[in-house]
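# Fold and contact review
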Amino acid sequence: MSHPLDLLVLGNAIVDLIARTDEDFLAKQGVPKGAMALIDEARAEELFGAMGQTTVVSGGSGSNTAAGAAILGAKTGFIGKVRDDELGGLFAHDLRATGVRFDVAAATDGPATARCFILVTPDGERTMNTYLGACQKLSPADVDEATVKSARVTYLEGYLWDPPEAKDAFRKAVKIAHGAGNAVALTLSDAFCVGRYRDEFLGLIRDGSIDILFANLGELKSLYQTDDAEAAIKALRDERDAKGRHLLGLVTRSADGALVVKGGEVKAVPASPVHEVVDTTGAGDLFAAGFLAGHARGLDHVASARLGALAAAEVIEHIGARPQKDLVALAKAQGLL
């Protein structure tokens, strides 16, 4: 069948509240630097009251990837859940404004739209505390079969493995996508997320549910329970599913660029130059966006990863996880498109 979508993303629909802070504040609040912690509504209100001046912008890992891919010209859709409240309206407006198709009906009752409190230290590192709220209401009923069948790649956010109903939606999407002969991608999302669901993520890889895996080096080491980066990369290189097939792995390494792991081979892709690291929020999300947009254009894996590196470099030069410059123009100027 025809593919009206290049990419369909299932992810948590979250609004980001971003504040600059320091490590003393992190210590006082008892939050581990660089990690993502799930919090309840009471803690969300407490943390918001303690934060300084904030920037409010639509976010969520998967929706950042959807937005970046759309900006780069990929036909993109998003499946996620918001509440019919002010932040839910903001999220939907911002996402659709980037060109992403977002048709999931907002919840009319239950918890409020999800919020992620992002604390950015002077070194650009981000520490996240997330109130999932309405995200947890995403269910299999929100996964439209025709939409999944229409997408060349269905991209799944690892954070979705936390809410049980969203996990069921995740599994439904995998079955539909593969039934239609389409690819499924997974991002591991966070090393702590991997720690919670390591065996299940490995199970998805090994039973053939996943064709493309995105991870940073910390997540990959957590997946294979090793402190040795080379050992983790080797484990991914040697990974095969139940049918003996290698998956495609994309491993980001911050300033050291990324690795393309496929068919027992590892190819290095350098990071794009960055003038100043302001906020690393969304770097991995935009790398995935660039890679998948390149993939949709028929670029090879290395060329697609270079496009991902460009998108990641742009987003860490400013506050917020959505591009602020014309990514297509930047890519053309560097001969990537």
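Residues numbered from 1 in each chain as written. Predicted model: local features only at pLDDT ≥ 70, side-chain atom pairs only at ≥ 80, totals over all residues. Heavy atoms only, no water.

### Observations regarding the pattern of salt bridges
This is how it is decided: The salt bridge criterion pairs a side-chain nitrogen of Lys or Arg with a carboxyl oxygen of Asp or Glu, the two atoms within 4 Å. Working definition: helices are DSSP H or I runs of at least four residues, strands are E runs of at least two. Numbering for both runs from the N terminus.
Evaluation of the coordinates by the stated rule reveals 17 salt bridges. Of the charged contacts, one joins aspartate 84 and arginine 83 as a salt bridge, the two residues approaching to 2.7 Å between their closest N and O atoms. For glutamate 239, the salt bridge is made with arginine 206, and the minimal N-O distance between the two is 2.8 Å. You can see glutamate 239 sitting in the loop between α9 (229-238) and β11 (248-252) and its partner arginine 206 sitting in helix α7 (residues 191-206), a full 33 residues away along the chain. One salt-bridge network, in which partners are shared between bridges, spans Glu23, Lys33 and Asp123.

### Focus on the sheet that holds strand β5 (residues 76-79)
For clarity, the threshold we go by: Only strands joined by at least two bridges in the DSSP assignment are considered to pair. Each axis is a line fitted through C-alpha atoms, and for a helix only the stretch in contact is used; angles between axes span 0 to 180 degrees, taken between their N-to-C directions.
In spatial order, the strands read β5-β1-β8-β9-β10-β11-β12-β13; together these eight strands make up an open sheet with mixed pairing. Sheet topology places β5 and β13 (265-269) at the edges, where each strand pairs with a single neighbour. Within this sheet the neighbouring strands show an average axis-to-axis angle of 20 degrees, counted without direction. Inspection of the sheet shows strand β8 (residues 151-157) paired to strand β9 (residues 183-187) by five bridges, in the parallel sense. Residue pairing across strands places leucine 156 opposite leucine 186, the latter belonging to β9.

### Overview of the sheet that holds strand β3 (residues 36-38)
Strands sit in the order β3-β7-β6-β2-β4 across an open sheet of five strands; the sheet is mixed. A strand with exactly one partner marks an edge of an open sheet, and here the two such strands are β3 and β4 (55-59). Pairs of neighbouring strands in the sheet enclose a mean axial angle of 25 degrees, with direction left out of account. Looking at chain direction, β3 and strand β7 (residues 126-131) are connected through three bridges and run parallel. What sits directly across from methionine 36, in β7, is methionine 128.

### Re helix α4 (residues 86-97)
Stated formally: Here, expected helix span is obtained from the residue count minus one, scaled by 1.5 Å. Remark: exposure states derive from per-residue accessible area (1.4 Å probe, protein chains only) relative to the maximum for the residue type, with buried under 20%, exposed over 50%, and partly exposed in between. Think of it as the arc spanned by the lines of direction from the helix axis to the C-beta atoms. When checking whether two residues touch, look at their non-hydrogen atoms; a contact exists if any pair is within 4.5 Å.
Taking 1.5 Å of rise per residue, twelve residues should cover 16 Å, and α4 covers 17 Å from first to last C-alpha, within 8% of that figure. When α4 is considered as a whole, its buried residues turn out to be Gly88, Phe91, Ala92 and Leu95. In an axial view of α4, the angular spread of the buried residues amounts to 95 degrees, which keeps them on one side of the axis. Residues of α4 that are exposed and angled more than 90 degrees away from the buried face: Glu86, His93 and Ala97. Residues of α4 that are buried make contact with β2 (14-20), β4, α3 (61-71) and β5. Taken from the residues just after α4, glycine 99 is the one with a positive phi, measuring 100 degrees.

### Comments concerning the pairing of β7
Counting buried positions along β7 gives six out of six residues, so the element sits mostly inside the fold. The alternating pattern of β7 places Arg126, Met128 and Thr130 on one face and Thr127, Asn129 and Tyr131 on the opposite face, and all of these are buried. Pairing of strand β6 (residues 114-120) with β7, which is carried by six bridges, proceeds in the antiparallel orientation. Opposite cysteine 116, over in β7, you have threonine 130 as the bridge partner. Hairpin connection from β6 to β7: five residues lie between these consecutive antiparallel strands, with glycine 124 at a positive phi of about 90 degrees.

### Considering the nonpolar core
What counts is decided by this rule: Take the buried residues of types Ala, Val, Leu, Ile, Met, Phe, Trp, Tyr and Cys, join any two whose side-chain atoms come within 4.5 Å, and each joined set is a nonpolar core.
Residues Phe78, Phe201, Phe214 and Leu223 are the most contacted members of the largest nonpolar core, which totals 99 residues. Not counting residues up to four positions away in its chain, the partners in contact with leucine 223 are Leu188, Val194, Arg198, Phe201, Leu202, Ile205 and Leu213.

### Some thoughts on the packing of aromatic side chains
Each pair of aromatic rings is reported with the distance of its centres and the angle of its planes. Here is the rule we go by: Under the pairing criterion, centres of Phe, Tyr and Trp rings, with the six-membered ring standing for Trp, must be within 6.5 Å; the plane angle then separates stacked pairs below 30 degrees from edge-to-face pairs above 60, leaving the rest tilted.
Counting across every chain of the model gives nine aromatic pairs. Relative to phenylalanine 214, the ring of tyrosine 155 lies with its centre 5.7 Å away and its plane at 65 degrees, an arrangement referred to as edge-to-face. One end of the pair, tyrosine 155, is in strand β8; the other, phenylalanine 214, is in strand β10 (residues 212-216), and 59 residues separate them in sequence. You can call tyrosine 155 buried: its relative accessible area is 1%. Put simply, the rings of Trp161, Phe170, Tyr197 and Phe201 pair up and form one aromatic cluster.

### A word on the UniProt feature "domain: Carbohydrate kinase PfkB" (unreviewed entry) in the protein chain
The criterion, for reference: UniProt positions are given in the numbering used here, feature names are shortened, and annotations may be inferred rather than shown by experiment.
Taking the UniProt record as the reference, the feature "domain: Carbohydrate kinase PfkB" (unreviewed entry) is found at residues 44-323. From the first C-alpha to the last, residues 44-323 spans 26 Å; its make-up is 40% helix and 19% strand.

### Looking at the pairing of β13
Of the pairings in the sheet, the one linking strand β12 (residues 258-262) to β13 comprises five bridges and is antiparallel in character. Within the sheet, the bridge partner assigned to alanine 258 lies in β13 and is valine 269. Joining the antiparallel neighbours β12 and β13 is a turn of two residues, in which glycine 263 adopts a positive phi near 60 degrees.

### Notes on unusual backbone geometry
Although it is not a glycine, serine 189 sits at a positive phi angle of roughly 75 degrees. Checked against the element boundaries, serine 189 lands in the loop between β9 and α7.

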